[in-house]
Amino acid sequence: MQYRGSYLSYLLMYLFYFLSLALLSGLISVYLLDRGYSASQVSLVVASSYIVSVILQPLVGYLNDHFNLKWVNSVVLIIAAILGIALIFAKHLFSITLLYSLTLGLFNSTKPVIERMATLSKYQYGKIRIWGTIGYAIGSQIGGLIYQYISPESMYFFFSISLGICLLGIIGTRNEHKNSDIHGETTTQHLGLWNKNFIVYLIIVCLFYAITNLNTTYLPAMFQHQGISVDKVSTIILLITISELPIIYYSHRFMNNISNRHMLIIVFILLIIQFGTYCFIPYNIIHVIISIGTKAVSTVIFIMLNMKIVVSIVDSDLQMSALAWVSTFNSFSSIVGQGLGGKILDTYSYTDFYLILFLIAVIGLGISYFYHCLLYTSPSPRD
């Protein structure tokens, strides 16, 4: 069988790309808190990685425009793998922050090209994307076992190994020139980039990513704080990640039949259920069940919905700029959220922390529900 352009090459690329991400960042809050750092210092490390991502993404994007995509991103990931090895030996907060931020920033800067390779391949996007979910789930489980039974620092060694296998997949892929299978209606109106709908959507983006990225950072630490061991926490994260598989596989059955506004309402209702459970119901088993049923599901729906929304509210020649702004507001809201979230946890409890996230989710639901003209274009037969 010819490897170049084969389904196996895309499988390896996606599976080990997201497995690497889980090993690098999945237990970062647990790792730093166990080393004696405060929640504010954890947030400093995570927020710094977002800042570096904002700086590096345009630079890597410029290189992608002028040089071979595959080789540019291979070099970037090789550097990230080397920095991952260096992270093993980081003993002070400054060196940890610097190395972790650079590693994750370089890693994140390759995501658009990874997505592009999958979208432009001759294979159905969902059949490739599903391996990313499986990879993250496996990485979460492996990361917990490595942390518990080998050493916390060993996670970063295996991160580098996993990234090396991902590179073998990238080298084997072949870019196919065809239209991507993006569901959604292109707007028939002449809308500038900064139209009313897009501005409101950016507010929703900020609210969503500020609270969901905070939750991703501190949910493992909350479970550990409740007395659950790290290996069991990693199993919970595994189950949370696996829960998005049916959503991805059957997305074609609902993404084109439910309006953007109603999908956003569903997303924020799931967040309200999740955060409300954490702060109002004092039973760990219920926390775990609700986490598995809502966390990954709400996030993956929003990710899939993002392209559909942008296509519907921004002119076609401005959509790449719009997506870049969405990514930028994602990072900036996460920076602010991480800073405030760490200070809240240093001063108050996890219950108070999730009460604030609950209230922000209620605000997001209110904006999505009451702004009736949001994200509406001419109705399509598929809607």
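Before any of the text, the structure's been laid out above.
Described in the following lines is the structure provided in the data block. Keep in mind that this is a model prediction, so the values were computed, not measured.

Turning our attention to empty space enclosed by the protein. For the structure shown, the criterion picks out 2 cavities of 30 Å³ or more. Of the volumes computed, that of the largest cavity is approximately 60 Å³. If you trace the largest cavity, you find it lined by A22, G26, L27, G139, S140, G143, M155, S234 and I237. Only α7 (125-149) and α10 (230-242) provide two or more residues apiece to the lining of the largest cavity. No other element matches the 3 residues that α7 contributes to the lining of the largest cavity. Here the residues of the lining of the largest cavity are counted per class, giving 4 nonpolar, 5 polar and no charged. Its boundaries defined by the atoms lining it, the second largest cavity holds a volume of some 30 Å³. Considering the residues around the second largest cavity, the lining is formed by T212, N215, T216, L271, Q274, F275, K295, S298 and T299. Going through the elements one at a time, α9 (196-225), α12 (260-280) and α13 (284-313) are the ones with two or more residues in the lining of the second largest cavity. Class assignment of the residues belonging to the lining of the second largest cavity gives a composition of 2 nonpolar, 6 polar and 1 charged.

Contact pair helix α4 (residues 69-87) / helix α5 (residues 93-109): the axes reach a minimum separation of 9 Å and the direction vectors enclose 155 degrees. With respect to α5, the element α4 is oriented roughly antiparallel. As α4 runs across α5, the sense of the crossing is left-handed. Between α4 and α5, the contacting residues are N73, V76, L77, I79, A80, L83, G84, A86 and L87 on the first element and I96, L99, Y100, L102, T103, L106, F107 and S109 on the second. Classifying every residue of the contact of α4 with α5 by side-chain character gives 13 nonpolar, 4 polar and no charged.

Cut-offs applied
- Residues numbered from 1 in each chain as written.
- Predicted model: local features only at pLDDT ≥ 70, side-chain atom pairs only at ≥ 80, totals over all residues.
- Heavy atoms only, no water.
- 1 Å grid on protein atoms, 1.4 Å probe; cavity = no way out; pocket = protein on both sides within 12 Å on 5 of 7 lines; lining within 4 Å.
- Points joined across faces, edges and corners; volume = space filled by probe spheres on them.
- Helix = DSSP H or I, 4+ residues; strand = E, 2+ residues; numbered from the N terminus.
- Nonpolar A, V, L, I, M, F, W, Y, C, P; charged D, E, K, R; others polar.
- Axes fitted to C-alpha atoms, helices over the stretch in contact; angles between N-to-C directions.
- Parallel < 35°, antiparallel > 145°, perpendicular 65-115°, else oblique.
- Left-handed = near helix turned anticlockwise from the far one by under 90°.
- Contact = heavy atoms within 4.5 Å.

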